[in-house]
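# A look at the structure
Now for the letters of each chain:
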Amino acid sequence: RSQSKATGLARRCAELQQSLDQANRCEREAVAELCRLRASSAVQEAAAEELRVNLQGARDEAMALRARSAVLREALASGLPPAGLAGDAGELRDQLDVAVRKAADAEALAQSREVALKTTTQELESLRRDRQRFADVEARATALERYNADLLSENSCL
C-alpha cells in the first residue's frame, strides 16, 4: 500500500514537473513577448507624441491662415489694402485664394494626423493590455513554480 502511494506520488510529482517545465517555457515566451511589447510601446508612445506635436503645429498654421484670409477678405470688402500690402484687388484676391487653399490644406493635414494619432493610441492601448496579460501569466507561472517546489519538498521524504 505504501509502495502504491509512493508510486502515485512519484507519478504526481512527474506530472507536476512536466507542468512546471511547460510553465517555464510559457514564462520565457511571455517574458520575451513582454520585452518586445515594452519596446514597441515606447516606440508607439514616441510616435504618438510626435503626431500630437505635428497636429498642434498644423492647427496653429491653419488658425494663422484663417486670420490672414479674414484680413484679406476685409480689405477686399472695404476696397482698401491692409497695411503692408500694396497692389490692386486682383492681387489681393489671388493672395486670399492662396491663403484659403493653404488653410484648407493645413486643416486636411491636421485631420489626417488626428486619425493617425487615434490609430496609434488604439495600438498603444492594445499593447498595454497585452503587457498586462503577460504580467499575469508571469505571476501564475511563478505561483506554479512555488507550488511545485512545495510538493517536491513534501514528497521527497516518501
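Now for a description of the structure that goes with this document.

Reading guide: rules and limits
- Residues numbered from 1 in each chain as written.
- Predicted model: local features only at pLDDT ≥ 70, side-chain atom pairs only at ≥ 80, totals over all residues.
- Heavy atoms only, no water.
- Helix = DSSP H or I, 4+ residues; strand = E, 2+ residues; numbered from the N terminus.
- Rg over C-alpha atoms; globule rule 2.2 N^0.38 Å.
- Buried < 20%, exposed > 50% of the residue type's maximum accessible area, 1.4 Å probe, protein only.
- Areas by Shrake-Rupley, 256 points an atom, 1.4 Å probe, with all protein chains shown as cover.
- 1 Å grid on protein atoms, 1.4 Å probe; cavity = no way out; pocket = protein on both sides within 12 Å on 5 of 7 lines; lining within 4 Å.
- Points joined across faces, edges and corners; volume = space filled by probe spheres on them.
- Nonpolar A, V, L, I, M, F, W, Y, C, P; charged D, E, K, R; others polar.
- Phe/Tyr/Trp six-rings, centres within 6.5 Å; stacked < 30°, edge-to-face > 60°.
- Lys NZ or Arg CZ within 6 Å of the ring centre and 35° of its normal.
- Salt bridge = Lys/Arg side-chain N within 4 Å of Asp/Glu carboxyl O.

## Things to note about the overall build of the protein
- In terms of regular secondary structure, the protein is built from two helices and zero strands.
- Expected size for 158 residues packed as a compact globule is a radius of gyration near 15 Å; at 33 Å, the protein overshoots this value by more than 25%.
- Principal-axis analysis of the C-alpha atoms gives the protein an extent of 110 × 15 × 15 Å.
- With 158 residues in all, the protein has 23% of them scored as buried.
- Per element, the accessible surface of the protein, about 10,800 Å² overall, is 53% carbon and sulfur.

## What about empty space enclosed by the protein?
- All chains considered together, the criterion is met by one cavity of 30 Å³ or more.
- By volume, the largest cavity amounts to about 30 Å³.
- Lining the largest cavity are Leu16, Ser19, Leu20, Leu144, Tyr147 and Asn148.
- For the lining of the largest cavity, the elements supplying multiple residues, two or more each, are α1 (2-78) and α2 (89-155).
- Among the residues forming the lining of the largest cavity, the class breakdown is four nonpolar, two polar and no charged.

## Remarks on the packing of aromatic side chains
- By the definition in use, this model includes zero aromatic pairs.
- Its guanidinium or amino end placed over the ring of phenylalanine 134, arginine 133 lies 4.6 Å from that ring's centre, counting from NZ or CZ.

## Regarding the environment of alanine 32
- For alanine 32, the position within the fold is in helix α1.
- Taking the C-alpha atoms as reference, alanine 32 lies 49 Å from leucine 65; in sequence the two are 33 residues apart.

## A closer look at the pattern of salt bridges
- As enumerated under the stated definition, the model contains two salt bridges in all.
- Between arginine 128 and glutamate 125 there is a salt bridge, with the nearest N and O atoms lying 2.9 Å from each other. Of this pair, arginine 128 and glutamate 125 are both found in helix α2, three residues apart, which corresponds to roughly one turn of the helix.
- On the basis of relative accessible area, glutamate 125 is assigned to the partly exposed category, the value being 34%.
- Aspartate 130 is paired through a salt bridge with arginine 133; the nearest N and O atoms lie 3.7 Å apart. Taken together, the positions of aspartate 130 and arginine 133, both in helix α2 and three residues apart, correspond to about one turn of that helix.
- Using a relative accessible area of 25% as the deciding quantity, one classes aspartate 130 as partly exposed.

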